[in-house]
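# Inside the fold
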Amino acid sequence: MANTKELVMPIVLSTNISMPANTVTLIIPIDISRRSKEIFKRAVMLAEQISKEGFSAIFSINFKDNSIDNRLFSTLSSIKNITAIKTKGDNMPLAKIRNAAISQVKTEYILFLDVDIVFDSDVVRYAIHKAMNTKSQMAMIPCLYLTKKGNDLVKKGCSTKQMVDHFFNFRRDLIMHIAFPTSLICVDTRSIKEIEGFDENFYGHGYEDFDFMVRLLSHKGLMPIQESILVDSPYITLILMEGLRADIAKTSIEELISKKYMLHLHHKKDINDIYYILRNRNAKYFYDKWKSILDKKGTASQPSKSFLLCFLDFCTDNNIKIHDYQVLFDPIPRHMWRNFTLFDYIKSNIKKFKRGIAA
């Protein structure tokens, strides 16, 4: 595992810290075929915040040539330092929308964001600083998914730092869970182009980012390609993650320790939408793709340390107080509560059954 022996240096970045001109381009993929009004509003707000803080961004729109898409394209294009581009086609994969933006980038670094992210300039500067000042030339930022109550608190002015503090104080009413690893990555543009960006054979929701991360980390020599990446086991307790997610997360423990996290705004999700149903198809494609690569490679995987042991070793080596990170051991994140009553358990399983039929 790479970088776990590096000393963690406290980095305090204010909103006034200067960055070299033309250092990074922020990329935000947009598809308003669902949640149209909400995504329109969030995209414009995000663009205005990015522009205000002096950053440049490309908003890559899955363009349908209708009134709302035209209005969004026009509005975004009118904002300083914001470039809007059109990616046209039916059932446009998110990978292709991102790749279209990547092809337009002229800066040395790219930072991938999501339209539902709360923009925080301190966290963005931390990610850029980390990528620019480490051998790996990348930084992966953990993300806190807000509840509706957490959403409302942010709208009233609660800062990202305050929400992170709430998370570490076990405010399950405000934060559903922490996502790590994430696709919120700052990385050198050269490496992205060398691995040819995102695999456009992924459609709908999920796994194109995992595939991208595996290829990127392998390309940089940070993560071995081994059979454990075929273990697709979503975690309940972050610190006990295993398989694919653990292999990726082991490379970025310093970012988890930093407490420099992003916030993800709450929104409703229709799991019967074809966009989410395709997640199962993407999971199978990911497995088949990497199973084939591993079979051709023909080398036996070496046993590796669990994420838990890597985390504990990192804390020990860098004099980090594990006590400060007890929430990462939390066995019942907020998003699991919905299955704790008999009624919700039955309702949840009916939805899973319907998804299975639709898939």
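See the structure above.
Right, let's walk through the structure included here. (Residues numbered from 1 in each chain as written. Predicted model: local features only at pLDDT ≥ 70, side-chain atom pairs only at ≥ 80, totals over all residues. Heavy atoms only, no water.)

## Some points on the side chain of Lys130
Operational definition: Numbering of helices and strands runs from the N terminus, with a helix taken as a DSSP run of H or I at least four residues long and a strand as a DSSP run of E at least two residues long. Pairs of residues are marked as contacts when any of their non-hydrogen atoms sit within 4.5 Å.
With respect to the element layout, Lys130 can be found in helix H4 (residues 121–132). Sequence-distant contacts of Lys130, defined by excluding residues within four places in its chain, comprise Met138, Ala139, Glu254 and Glu255.

## A look at the sheet that holds strand E5 (residues 117–118)
The line we're drawing: Pairing between two strands is assigned when DSSP locates at least 2 bridges connecting them.
Strand order in the open sheet formed by 4 strands is E5-E10-E7-E8, and the pairing between neighbours is mixed. In the strand order of this sheet, the two ends are held by E5 and strand E8 (175–179), each with one partner. In terms of strand pairing, E5 meets strand E10 (residues 262–264) through 2 bridges, oriented antiparallel. Note on E10: the bridge partner recorded for Ile117 is His264.

## Some words on the sheet that holds strand E6 (residues 138–140)
Rule in force here: Each axis is a line fitted through C-alpha atoms, taken for helices only over the stretch in contact, and angles between the N-to-C directions span 0 to 180 degrees.
Read from one edge to the other, the open sheet built from 6 strands follows the order E3-E2-E1-E4-E9-E6, with strand pairing classed as mixed. Because the sheet does not close on itself, it has two edges, and the strands there are strand E3 (82–88) and E6. Looking at each pair of strands side by side, their axes are set apart by 20 degrees on average, direction ignored. Its contacts with the sheet place helix H2 (residues 67–77) against strand E1 (24–30), strand E2 (56–63) and E3, and it is angled at close to 170 degrees to E2. Docked against the sheet, helix H3 (residues 94–102) engages E1, E2, E3 and strand E4 (109–112), running at close to 150 degrees with respect to E1.

## Observations regarding the pairing of E1
Basically, it comes down to this: For every residue, the accessible area obtained with a 1.4 Å probe (protein chains only) is divided by the maximum for its type, and the residue is called buried under 20%, exposed over 50%, and partly exposed between those limits. The path from the first strand over the helix to the second decides the hand: if it runs clockwise while the strands point away from the viewer, the crossover is right-handed.
Most of E1 sits out of view: 7 of its 7 residues are buried. Side chains Val24, Leu26, Ile28 and Ile30 project from E1 onto one buried face, and the interleaved Thr25, Ile27 and Pro29 project onto a second face that is buried too. Strand direction decides the pairing type here: E1 and E4, joined by 4 bridges, are parallel. Looking at E4, one finds that Ile27 is bridged to Phe112. Both E1 and E2 contribute to a ladder of 6 bridges, which runs parallel. Looking at the pairing, Ile27 lines up with Ile58 of E2. In the classification by handedness, the crossover that spans E1, the intervening helix H1 (residues 36–52) and the parallel E2 is right-handed.

## Some thoughts on the packing of H1 against H2
Which entries qualify depends on this criterion: Here the angle decides the label: under 35 degrees means roughly parallel, over 145 means roughly antiparallel, 65 to 115 means roughly perpendicular, and every other value means oblique. Residue classes follow a fixed rule: Ala, Val, Leu, Ile, Met, Phe, Trp, Tyr, Cys and Pro count as nonpolar, while Asp, Glu, Lys and Arg count as charged, and any other residue, Gly among them, counts as polar.
Where H1 meets H2, the axes come as close as 10 Å, and the angle between the chain directions of the two elements is 10 degrees. Classified by the interaxial angle, the pair formed by H1 and H2 is roughly parallel. Here Ser36, Phe40, Ala43, Val44 and Ala47 of H1 lie close against H2, whose contacting residues are Ile68, Arg71, Leu72, Thr75 and Leu76. Its residues assigned to classes, the contact of H1 with H2 comprises 7 nonpolar, 2 polar and 1 charged.

## A short note on H2
Where we set the bar: Arc, as used here, means the arc of the directions from the helix axis to the C-beta atoms.
Inspection of H2 places Ile68, Asp69, Leu72 and Leu76 among the buried residues, and these make up the whole buried set. All buried residues of H2 lie within an arc of 100 degrees about the axis, which places them on one face of the element.

## A few points about the packing of aromatic side chains
Threshold: Aromatic rings from Phe, Tyr and Trp, with only the six-membered ring used for Trp, were paired whenever their centres fell within 6.5 Å, and each pair was classed as stacked if the ring planes differed by under 30 degrees, edge-to-face if by over 60, and tilted otherwise. Both a distance and an angle decide whether a charge sits over a ring: NZ of Lys or CZ of Arg must be within 6 Å of the ring centre and within 35 degrees of the ring normal.
This model, assessed by the stated rule, comprises 15 aromatic pairs. With a centroid separation of 5.6 Å and 75 degrees between ring planes, the pair formed by Tyr207 and Phe210 is classed as edge-to-face. Look at Tyr207 and you get buried, because its relative accessible area is 5%. With 6.1 Å between their ring centres and 50 degrees between their planes, Tyr207 and Phe286 make a pair best called tilted. Taken together, the positions of Tyr207 in the loop between helix H7 (189–194) and helix H8 (208–219) and Phe286 in helix H11 (residues 274–297) put the pair 79 residues apart, joining distant regions of the chain. Here Tyr207 and Phe286 have matching classes, each one buried. An aromatic cluster of three or more residues is present, and its members are Phe167, Phe168, Tyr261, Phe307, Phe311, Tyr325 and Phe329. Residue placement shows Lys259 over the ring face of Phe168; its charged tip is 4.3 Å from the ring centre. Its end group placed over the ring of Tyr285, Arg281 keeps NZ or CZ at 5.5 Å from the ring centre.

## Here we look at the pattern of salt bridges
As a reminder of what qualifies: Counted as salt bridges are all cases of a side-chain nitrogen of Lys or Arg within 4 Å of a carboxyl oxygen of Asp or Glu.
By the definition in use, this model includes 22 salt bridges. The residue Arg215 makes a salt bridge to Asp211 at a minimum N-O spacing of 2.8 Å. Of this pair, Arg215 and Asp211 both sit in helix H8, 4 residues apart, which is roughly one turn of that helix. Owing to a relative accessible area of 0%, Asp211 belongs among the buried residues under this scheme. Between Arg245 and Asp232 there is a salt bridge; the shortest N-O distance is 2.7 Å. Of the two residues, Arg245 sits in helix H9 (residues 243–249) while Asp232 sits in the loop between H8 and H9, which places them 13 residues apart along the sequence. A single network of salt bridges, built from pairs that share partners, joins Arg35, Glu38, Arg42 and Asp116.

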